[in-house]
Each structure stands twice: as structure tokens, then as C-alpha cells.
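Chain by chain, the residues run as shown.
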Amino acid sequence: MTKLLEGKTVLVTGASAGIGRAAAIGAARHGADVAINFARDTDGADSAVAEIEALGQRGLAVQGDVADPETAKHFIARAVEEFGKIDVFVNNAGICPFHAFLDMPVETFERTMRVNLHGAYFMVQAAANQMVKQGHGGAIIAVSSISALVGGEYQTHYTPTKAGLHSLMQSTAIALGRHGIRCNSVLPGTILTDINKEDLADEAKRAYMAGRVPLGRLGQPDDLEGPIVFLASDLAKYVTGASLLVDGGAFVNLQ
Ligand SMILES: NC(=O)C1=CN([C@@H]2O[C@H](COP(=O)(O)OP(=O)(O)OC[C@H]3O[C@@H](n4cnc5c(N)ncnc54)[C@H](OP(=O)(O)O)[C@@H]3O)[C@@H](O)[C@H]2O)C=CC1
Ligand SMILES: C[C@H](O)[C@@H]1OC(=O)[C@H](O)[C@@H]1O
């Protein structure tokens, strides 16, 4: 297999499970050393690092709530201390506590904004400052969502954060292009992870969601591995400000 990230250092937020974990393992499979951030799941983070190391790469787990701007500075500093540089930053950490619009609790709205959007802003800013300081460019990838483009009845607090991430990558692509830093987003469809376990425990909803996907199934975390590695790699050297739907065709399926 051609390794696309040989010699690179890749950072991924929210990588103790799900899509972030798949991105971290995928980067290691492609020859990168990988630092991961996580909030609570120490066992998940430790086992992700063990998997990275089993692939012959160096791994590092750094705990921290991305909603706290200090977490970003600490994560970048620890990764640089350990690996000497960062080449790729994947902003993935996110939450989606499903809730109706009319009685959305203020705390649920604010927490979702702080984790998904404010957290991303500070992380991307800290990673970009480090890349600018290093002077050899880099790649930033945000895990946005198909929900940046379409709505969700119980996601009125969540979909704006995903649209915000999509937009953040467009604006940072302009702000950072002169430094050789590319900024792109992936827009996953419905991927089976802990974030939607409860929502999709409803068999009828799960079957309906799967039925909307032209490729005939809901996604798995490793469906994101290839697209994220591609955007991180030199294969995508002239790609910036772009977004890549990874949804089995769900978005285009009107009828
Ligand atoms: N699954 C899906 O269908 C889709 C998901 N996405 C996006 O993908 C991203 C990953 O979600 P997914 O893998 O599905 O979900 P998971 O719940 O499986 O994983 C979420 C990850 O984010 C971490 N995390 C949560 N809150 C914080 C925080 N405050 N600070 C740091 N890390 C945190 C979790 O760490 P810990 O457990 O240690 O707290 C965990 O590692 C999210 O941004 C989500 O919006 C986008 C489109 C579709
Ligand atoms: C958590 C949801 O199942 C998931 O999150 C997204 O961003 C997708 O659009 C799905 O709704």
C-alpha cells in the first residue's frame, strides 16, 4: 500500500471513539505519528494510542474539553513537545444531544455551540498559528456534516454549528492560503457511532434513514478514513476551501 502521510504529524480532536478514532488510525496506517485529544473516555483514548503504536507509529493522547480555549493551546503545545511539529490538524470533536426546538434548554444550546463551533475555532486557530510559525504549510480538515446543508427537527442547535464549521473552512482557506495551509471539510451523512446510538435505537427511524441512502446502508466510521487521509495528503495539494460529502449519496436523493 502507498503510504500517503509518511513522516507527517497528524492531530485529531475527539478521537477516543467514532469518526475521530477512525481518522487517527487511518493516518497512522498511512505512516503518520498521531496525537489525539479526548474529553472523558480515557480507556478509548488509550486503546486508540495502542492501535496507533501497533501500526509502528508514535501516538499521544491529551485530555481536554475543547469548549475551553486553553485546551487548544495545551493540545498543540503537547503535540509539538512530543513530535516536534504538526502537519495536519483534524477538527472532529462534537456532540449532538437531540432535542426539540420550542423548549430547547439554554444550557443544551450553549454547550453544543461551545463544543462544536467555539471549540473548533480555537483549535483551528492554535493549529494554524503553529503551522505558520513552522513555515512549511499544512492541512486542516473539519468534520462538518451533511447537516451543514440540510436541517434536522431535533438538531436546531446542532446544524448551525456544522454550517459554521463548513463556513470556517472556507474563510480560513482564504486567510491561510498565503501560508500554504489548505483548509477543507468533510460532510459525513449518518454514520453509526455513539453520537446517534440512542436516536437510531428506534428501528423504524433507522430503517428509514438507511432507506434514504442510494448506496443502501448507513455509514461506518472507517468510511471517513480515506476521504480525510486524501484531504490531508499531497494528493489534494491544490484542494482548499472545498467540502466533500461522505454520505453514500443521501444528500442528492430527493426522489
Ligand atoms: N455520526 C454521525 O452520523 C455524524 C457525525 N458527525 C460529526 O463527527 C464528529 C464525531 O462524531 P462521532 O464520531 O459520530 O461521535 P462519537 O460520540 O462516537 O465521538 C465523539 C468524540 O468526540 C469527543 N468529544 C465530545 N465532546 C468533547 C469535548 N467537549 N472535548 C473533547 N472531545 C470531545 C468524544 O470524546 P469522549 O468520549 O472522550 O468525551 C469522542 O471521542 C462530530 O463532530 C459529529 O458532529 C458529522 C456527521 C455525521
Ligand atoms: C448525529 C446524527 O445522527 C448525525 O449527525 C450529523 O451530522 C448527521 O447529519 C446525522 O444527523
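Just above, that's the structure.
Residues numbered from 1 in each chain as written. Chains lettered and ligands numbered in written order. Predicted model: local features only at pLDDT ≥ 70, side-chain atom pairs only at ≥ 80, totals over all residues. Heavy atoms only, no water.

1. What about the overall build of the protein?
- Per the secondary structure count, the protein includes 7 helices and 7 strands.
- Along its sequence from the N terminus, the protein presents helices and strands in the succession β-α-β-α-β-α-β-α-β-α-β-α-α-β.
- Radius of gyration (C-alpha) of the protein: 17 Å, near the 18 Å computed for a compact globule of 255 residues.
- Viewed in the frame of its principal axes, the protein has a C-alpha envelope of about 50 × 40 × 40 Å. (Helix = DSSP H or I, 4+ residues; strand = E, 2+ residues; numbered from the N terminus. Rg over C-alpha atoms; globule rule 2.2 N^0.38 Å.)

2. With respect to the nonpolar core
- Within the largest apolar cluster, 32 residues are counted, with the highest numbers of intra-cluster contacts made by Val10, Val12, Val34, Ile36, Val90 and Ile228.
- Every element with two or more residues in this core is listed here: β1 (9-12), α1 (18-29), β2 (33-38), α2 (42-54), β4 (88-91), β5 (138-143) and α7 (225-232).
- Considering each element in turn, this core owes the most residues, 6 residues, to α1.
- Discounting chain neighbours no more than four positions away, the residues touching Val12 are Gly20, Ala23, Ala24, Val34, Ala35, Ile36, Asn37, Phe75, Val90 and Asn92.
- By size, the runner-up hydrophobic cluster in this structure holds 31 residues, among which are Phe89, Ala128, Met131 and Ala173. (Core = buried A, V, L, I, M, F, W, Y, C linked by side-chain atoms within 4.5 Å. Buried < 20%, exposed > 50% of the residue type's maximum accessible area, 1.4 Å probe, protein only. Contact = heavy atoms within 4.5 Å.)

3. So, the environment of Leu102
- Looking at where Leu102 falls in the secondary structure, it is placed in the loop between β4 and α4 (106-134).
- Between the alpha carbons of Leu102 and Thr156 there is a distance of 9.8 Å; along the sequence they are 54 residues apart.

4. Points about the packing of α1 against α7
- For the pair α1 and α7, interaxial distance at closest approach is 9 Å and the crossing angle is 55°. Classed by the angle they form, the pair α1 and α7 counts as oblique. Crossing of α1 over α7 shows right-handed handedness. Residues Ile19, Ala22, Ala23, Gly26, Ala27 and Arg29 of α1 form the contact with α7, whose participating residues are Glu225, Ile228 and Val229.
- A breakdown of the residues in the contact of α1 with α7 according to their chemical character gives 6 nonpolar, 1 polar and 2 charged. (Axes fitted to C-alpha atoms, helices over the stretch in contact; angles between N-to-C directions. Parallel < 35°, antiparallel > 145°, perpendicular 65-115°, else oblique. Left-handed = near helix turned anticlockwise from the far one by under 90°. Nonpolar A, V, L, I, M, F, W, Y, C, P; charged D, E, K, R; others polar.)

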